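# Fold and geometry: a report
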Amino acid sequence: MDNCNVIAITNQKGGVGKTTTTLNLGVGLSREGKRVLLIDADPQGSLTISLGYKNPDEIRTTVASVMQQIISDEELPSSMGILHHEEGVDLVASNIELSALEVSLFNVMNREYVLKNYIERVKPSYDYILIDCMPSLGMMNINALVAADSVIIPC
Ligand SMILES: Nc1ncnc2c1ncn2[C@@H]1O[C@H](COP(=O)(O)OP(=O)(O)O)[C@@H](O)[C@H]1O
Ligand SMILES: [Mg+2]
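Parameters at a glance
Residues numbered from 1 in each chain as written. Chains lettered and ligands numbered in written order. Predicted model: local features only at pLDDT ≥ 70, side-chain atom pairs only at ≥ 80, totals over all residues. Heavy atoms only, no water. Helix = DSSP H or I, 4+ residues; strand = E, 2+ residues; numbered from the N terminus. Contact = heavy atoms within 4.5 Å. Areas by Shrake-Rupley, 256 points an atom, 1.4 Å probe, with all protein chains shown as cover. Lys, Arg positive; Asp, Glu negative; His and termini not counted. Charge placed at Lys NZ, Arg CZ, Asp CG, Glu CD. Core = buried A, V, L, I, M, F, W, Y, C linked by side-chain atoms within 4.5 Å. Buried < 20%, exposed > 50% of the residue type's maximum accessible area, 1.4 Å probe, protein only. Near = heavy atom within 4 Å. Polar contact = N/O pair within 3.5 Å; in protein donor to acceptor, adjacent residues only side chain to side chain. Nonpolar A, V, L, I, M, F, W, Y, C, P; charged D, E, K, R; others polar. Salt bridge = Lys/Arg side-chain N within 4 Å of Asp/Glu carboxyl O. Pairing = 2+ DSSP bridges. Axes fitted to C-alpha atoms, helices over the stretch in contact; angles between N-to-C directions. Arc of directions from axis to C-beta.

Moving on, we come to the overall build of the chain. Scanning the chain for helices and strands turns up six helices and six strands. Its helices and strands in sequence order give the chain the pattern β-α-β-α-α-β-β-α-α-β-α-β, from N to C terminus. Each principal axis of the C-alpha atoms in the chain carries an extent, and together these give about 40 × 35 × 30 Å. Sequence separation of at least 24 residues holds for 80% of the intrachain contacts in the chain that already meet a minimum separation of 6. As displayed, the chain offers around 7800 Å² of accessible surface, 49% of which is attributable to carbon and sulfur atoms. Side chains of the chain carry 11 positive and 19 negative charges; the gap between the two charge centres is 4 Å.

Dropping the structure here:
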């Protein structure tokens, strides 16, 4: 049994504080000594940018890449796509490629479970995994909700 707590920070509306909550909650938990992974699940990459990666589109291995590995049933090194930030949190970044990945999910078997499948693999290394969702009701957010133990809805 692992004790990792997976939390989706989500709301269909934009500009309500999802990314701000994810970042500050994550860094706060890290300062309490918790092992924290932040997953940017918004193709706008706001969380990625707010951690100082100014050009998310230049990051080659993102949440879209690790999900694609799962979909293709290819080998996935457990450290793939995980960036270690000086604030003490780890990040799986995001960029525009997630938009294409989300569209392609519609043809995938068990498409609701792809992110959960990824999270199950990395869970043993973390106390908290926070997922910063995009403002929509699309398949990526369904993936986040399926993977989450609980949900925070900033409003
Ligand atoms: N608690 C807060 N009080 C005041 N402004 C906030 C708060 N949380 C977020 N903001 C501001 O609101 C804007 C949108 O926040 P953001 O976290 O990017 O929202 P979302 O991820 O839901 O689109 C940002 O400019 C952010 O600085
Ligand atoms: Mg956001």
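A few words now on the nonpolar core. Formed by 34 residues in total, the largest nonpolar core has its most connected members in Ile39, Leu115, Tyr118, Ile119, Ile129 and Ile131. Listing elements by their share of this core, those giving two or more residues are strand S1 (5-9), strand S2 (36-41), helix H3 (63-71), helix H4 (97-104), helix H5 (114-122), strand S5 (128-133) and helix H6 (139-147). Not counting residues within four places of it along the chain, the set of residues in contact with Ile119 comprises Val6, Ile39, Ile129, Ile131 and Ala147. If you look at the next biggest cluster of nonpolar residues, it comprises 14 residues, including Ile7, Ile9, Val27 and Val36.

Okay, the site of ligand 1 next. Neighbouring residues of ligand 1: Gly14, Gly15, Val16, Gly17, Lys18, Thr19 and Thr20. At a separation of 3.0 Å, an oxygen atom of ligand 1 approaches a polar backbone atom of Gly17. Thr20 places a side-chain nitrogen or oxygen 2.5 Å from an oxygen atom of ligand 1. Of the residues in the shell around ligand 1, the class split is one nonpolar, five polar and one charged.

It is worth spelling out the pattern of salt bridges at this point. Scanning the entire structure with this criterion turns up four salt bridges. For Glu120, the salt bridge identified is with Lys123, shortest N-O distance 3.6 Å. Within this structure, Lys116, Glu120 and Lys123 form a network of salt bridges that share partners.

With that out of the way, let us pick up the sheet that holds strand S3 (residues 82-84). Strand order in the open sheet formed by six strands is S3-S4-S2-S5-S1-S6, and the pairing between neighbours is mixed. Each of the sheet's edge strands pairs with one partner strand only, and the pair in question is S3 and strand S6 (150-152). Looking at each pair of strands side by side, their axes are set apart by 25° on average, direction ignored. The pairing of S2 with S5 spans six bridges and is parallel. Residue pairing in the sheet places Ala41 in a bridge with Cys133 of S5.

The subject of this paragraph is the pairing of S5. One face of the sheet, then the other: side chains in a regular strand alternate in exactly this way. Burial within S5 is extensive, with five of its six residues counted as buried. Where S1 meets S5, five bridges bridge the pair, whose relative direction is parallel. If you follow Ile7 over to S5, its bridge partner there is Leu130.

So, about H5. Buried within H5 are the following residues: Val114, Leu115, Tyr118, Ile119 and Val122. One face of H5 carries all of its buried residues, which in axial projection span an arc of 130°.

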